[in-house]
Number of protein chains: 4
Amino acid sequence: MKILVTGFEPFEGAAINPALEAVRRLPDTIAGASIVRAELPVVFGKDIEVLRAAVAEHEPDVTLCIGQAGGRTHITPEFVGINYAHARIPDNEGNQPLAQPIVEGGPDAYFTTLPVHAMVEKMRAAGIPAAVSCTAGTFCCNEMLYAVLHLCATEYPAMRGGFIHVPYATEQAAPLAEGTASLPIETMVAGLTCAIEAIVEHPEGDVVGAGGREH
Amino acid sequence: MKILVTGFEPFEGAAINPALEAVRRLPDTIAGASIVRAELPVVFGKDIEVLRAAVAEHEPDVTLCIGQAGGRTHITPEFVGINYAHARIPDNEGNQPLAQPIVEGGPDAYFTTLPVHAMVEKMRAAGIPAAVSCTAGTFCCNEMLYAVLHLCATEYPAMRGGFIHVPYATEQAAPLAEGTASLPIETMVAGLTCAIEAIVEHPEGDVVGAGGREH
Amino acid sequence: MKILVTGFEPFEGAAINPALEAVRRLPDTIAGASIVRAELPVVFGKDIEVLRAAVAEHEPDVTLCIGQAGGRTHITPEFVGINYAHARIPDNEGNQPLAQPIVEGGPDAYFTTLPVHAMVEKMRAAGIPAAVSCTAGTFCCNEMLYAVLHLCATEYPAMRGGFIHVPYATEQAAPLAEGTASLPIETMVAGLTCAIEAIVEHPEGDVVGAGGREH
Amino acid sequence: MKILVTGFEPFEGAAINPALEAVRRLPDTIAGASIVRAELPVVFGKDIEVLRAAVAEHEPDVTLCIGQAGGRTHITPEFVGINYAHARIPDNEGNQPLAQPIVEGGPDAYFTTLPVHAMVEKMRAAGIPAAVSCTAGTFCCNEMLYAVLHLCATEYPAMRGGFIHVPYATEQAAPLAEGTASLPIETMVAGLTCAIEAIVEHPEGDVVGAGGREH
């Protein structure tokens, strides 16, 4: 099995993107699957082009994108990508789309085809804070999740796709006031490794995990 | 214009549901539109039946459901309902669906057909904390949003539909520790009134509001 | 009984200070006690001078200062003032003391002489979110609390003193993202009125309230 | 230099106390200072007895107590201990003191004699989230901080004393919902090691660190 794991470059003036740092430190083989990598720009549209090129080059069985969710406490596999770009801040080239579809005429949303509950359970069993999320936002992370799943639905029917958000790295939260959550990048590497093991172990379907949210 | 506004009954042992309290106190006419009401059970499946009956009885131009999002600080119109029921807690009849579709074979998600950005802007202009949300959770609130939008898409093409989450009422947060946000029910009534005014004023489309979230 | 209630002016570029707004709207008589008011500058040292002048002018039985605690969800009577000024941001005249005592040679801290638990219970009974706080910070609010209690301890032995923090007003939180808590100013007025009633009803000592925090 | 580092046992039904786990894993020598350890019961009064015995046995130059602050994101050296026990929950022997002084007739509070700003700066420079806190709560952690500083003030004038709160360990937050912050115990060990280095490097006084809070 070949798994393409992508990480976004830093954005909003940050020195690092913990997602990219964690992706770089992943081992080259996890549970027998070979890991290939791509770095994605935080630029609407261009991130999709780079992703498409990486998928065309590697022809992976799974594409898993990783991004930063500054403020979250847990590593959060995303359940759903929505066809909606609505940027609170400019991207790295100054674009700030508002209320735009990502794919003109595409369905409103796609559910991930990765076993997010199995991924969360594997991380939790290793003592790593993890939870399924039902919103990837409306910036480039969500765009990437939607784009990956649209690729799967339209061009690569055998490929599975999904997205994981990671918190701030500890070095990002260190100088900030109490109240900003973080995890060490090593913890993220361990968590992503567990998640990828679960992806390998569940080639079809997902476990019925607990969780759920009232809102 | 006729607007059906629904509120959920209390759940999880609570004495009140601020959504229902606010719905009861809405005026009978807002911006010239007549307001009709329904109380919905917090029971998977039954909530849809009660909703369908209310829609069939009133034949409203708009159906707007209101629910409690305990812990949120803002009044939050929801952007998207997903075809997924995954309950962290049992509903009021003890059902706890896990990883179930709400409508077998339905699309993964529907975007609301209400002008959520205009609704938020109108509330903010009145000094009421409001923001668009991109997740209504995976409990009965999301079920209701998805069900309303499925009704619009399949049986009532002229009807618009959507959902607004409200925070805890102040009397719910009063005995709890510092850290649990709330608003008075009167503030919710004022906010919902603004939101309904925006619905009346924007019979088609939405304004391009700011907002957006990176995750 | 005469009660001096003070409110701070706006700071850090804000248009209003909800503490001052609420103080202005208090009734002139509460539970038989006459309410007199003073507006305090958010300026280290000067706030103490203005306070001293107001106390000298009014010779109140109780001095109760009110300030803004942006981000808190509850109305929070403060339990303790500390002899420590350490400013994260400049005050309204650009002063930013670091690690300075407020009163050279003063004790490290004073406990309030107001019945904070009775005040909280009265607010909660009225459905208003309230809790005792054990830190008033290290900016002008804490300076004022410490200064009032130092005045009581050294010059006005019959006077009681204390401080209440209020959240952001709803109009301050309205344009901000979901996650910033607030209450309407009318709710603050109602809460402060309850708190002052409790002060009048408990001229000596406090009730043994619940609460407490592990950290 | 000899430094006594204490850690509390688990409480409120928890399987571990990350403070104790981190203390156990500290090296035996840090920056040339020898580290001795004691485990403290989470029992009002008894914790002080065990502390007194450990101080009498080891005659340390510094006593540094470590406790858990579940929910905090940062490692937080405490600035002030207050003469007040007010328990929200029973301790490990069922005691629940309300509104009690810790030392009858003691001063309202003591400031720590450890260089908390230098400790925080050293941790931050190592990429570890850290901040000075101005409240240690009203449970056993605060009792221990006040008791240590009272010992210093009355019986061991050459001894310095203080307290550090640590967040939940990652394994404690792992099964909980997104929103509960944590750090790995190894990060706590690294952070406490930095903090102890700063204690050794600053035998008198503190640096003038940034920070401060408006409330």
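See the structure printed just above.
What counts and how
- Residues numbered from 1 in each chain as written.
- Chains lettered and ligands numbered in written order.
- Predicted model: local features only at pLDDT ≥ 70, side-chain atom pairs only at ≥ 80, totals over all residues.
- Heavy atoms only, no water.
- Pairing = 2+ DSSP bridges.
- Helix = DSSP H or I, 4+ residues; strand = E, 2+ residues; numbered from the N terminus.
- Contact = heavy atoms within 4.5 Å.
- Axes fitted to C-alpha atoms, helices over the stretch in contact; angles between N-to-C directions.
- Least-squares fit on C-alpha atoms with pLDDT ≥ 70 in both.
- Expected span 1.5 Å × (residues − 1).
- Buried < 20%, exposed > 50% of the residue type's maximum accessible area, 1.4 Å probe, protein only.
- Arc of directions from axis to C-beta.
- Phe/Tyr/Trp six-rings, centres within 6.5 Å; stacked < 30°, edge-to-face > 60°.
- Buried area = accessible area lost by both parts, 1.4 Å probe.
- Salt bridge = Lys/Arg side-chain N within 4 Å of Asp/Glu carboxyl O.
- Polar contact = N/O pair within 3.5 Å; in protein donor to acceptor, adjacent residues only side chain to side chain.
- Nonpolar A, V, L, I, M, F, W, Y, C, P; charged D, E, K, R; others polar.
- Parallel < 35°, antiparallel > 145°, perpendicular 65-115°, else oblique.
- Left-handed = near helix turned anticlockwise from the far one by under 90°.

(A) Broad picture of the sheet that holds strand E5 (residues 76-77) of chain C. All names here are of chain C. Taken together, the six strands give an open sheet; going across it, the order is E2-E3-E1-E4-E8-E5, and neighbouring strands pair in mixed fashion. With partners counted over all chains shown, the strands left at the sheet margins are strand E2 (29-30) and E5, one partner each. The pairing of strand E1 (residues 2-8) with strand E4 (residues 62-68) spans five bridges and is parallel. Paired with Ile 3 across the bridge in E4 is Val 62. Across the sheet, helix H2 (residues 46-58) touches E1, strand E3 (33-40) and E4, and the angle it forms with E3 is around 155°.

(B) Broad picture of the relation of the copies chain C and chain D. For these two chains of identical sequence, chain C goes onto chain D by a turn of 180° and a shift of 0.0 Å along the axis, with RMSD 0.0 Å. A rotation of that kind, with that shift, is consistent with a two-fold axis.

(C) Here's a closer look at H2 of chain C. Residues and elements named next belong to chain C. In this model, H2 (13 residues) spans 18 Å end to end at C-alpha, consistent with the 18 Å of a helix rising 1.5 Å per residue. Residues of H2 that are buried: Asp 47, Ile 48, Leu 51, Ala 54, Val 55 and His 58. Along the axis of H2, the buried residues cluster in a sector spanning 125°; they form a single face. Every exposed residue of H2 that faces more than 90 degrees away from the buried side is listed here: Glu 49 and Glu 57. Buried positions along H2 lie against E1, E3, E4 and helix H4 (140-154). Within two residues after H2, Glu 59 carries a phi angle of roughly 45°, on the positive side.

(D) Molecular detail of the sheet that holds strand E1 (residues 2-8) of chain A. All names here are of chain A. Taken in spatial order, the six strands line up as E2-E3-E1-E4-E8-E5 in an open sheet, and their pairing is mixed. Single-partner strands in this sheet number two, and they are strand E2 (29-30) and strand E5 (76-77). Sheet analysis places E2 next to strand E3 (residues 33-40), joined by two bridges and oriented antiparallel. If you follow Thr 29 over to E3, its bridge partner there is Ser 34.

(E) Structural context of the relation of the copies chain B and chain A. After a rotation of 180° and a shift along the axis of 0.0 Å, chain B superposes on chain A with an RMSD of 0.0 Å. Of the residues that chain B buries at the interface, 100% are likewise interface residues in chain A, meaning the two copies contact each other through the same surface.

(F) Summary view of the packing of aromatic side chains. Residue and element names in this part refer to chain A. Enumeration according to the criterion identifies 24 aromatic pairs over all chains in this entry. The interplanar angle of 45° and the centroid separation of 5.1 Å between the aromatic rings of Tyr 110 and Tyr 146 together place this pair among those described as tilted. A residue pair is termed long-range when its members are at least 10 positions apart, and Tyr 110 in strand E7 (residues 109-111) and Tyr 146 in helix H4 (residues 140-154) qualify at 36 residues. You can call Tyr 110 buried: its relative accessible area is 13%.

(G) Looking closely at the interface of chain C and chain D. Taken together, the contact between chain C and chain D spans 35 residues of the former and 35 residues of the latter. Roughly 2,900 Å² of surface becomes buried between chain C and chain D when both sides are summed, with 62% attributable to carbon and sulfur atoms. The largest share of the area that chain C buries against chain D comes from Phe 111, Glu 214 and His 215 of chain C, three residues that together contribute 26% of it. For the pair chain C and chain D, the number of links is two salt bridges. The residue Arg 88 of chain C makes a salt bridge to Glu 214 of chain D at a minimum N-O spacing of 2.8 Å. Summed over the shared surface of chain C and chain D, the result is 20 residue pairs in polar contact (both at pLDDT 80 or more). Mapped onto the side of chain C that touches chain D, the elements with two or more residues apiece are strand E6 (80-82) and strand E7 (109-111) of chain C. Partitioning the side of chain C that touches chain D into residue classes produces 18 nonpolar, twelve polar and five charged.

(H) The packing of helix H1 (residues 18-25) of chain A against helix H6 (residues 185-201) of chain A, seen in detail. All names here are of chain A. Between H1 and H6, the shortest axis-to-axis distance is 9 Å and the interhelical angle comes to 60°. Between H1 and H6, the angle falls in the class oblique. Helix-helix and strand crossings are classified by hand; for H1 and H6 the assignment is right-handed. Along its contact with H1, which presents Pro 18, Glu 21, Ala 22 and Arg 25, the element H6 presents Ile 185, Glu 186, Met 188, Val 189 and Leu 192. In terms of residue class, the contact of H1 with H6 is made up of six nonpolar, no polar and three charged.

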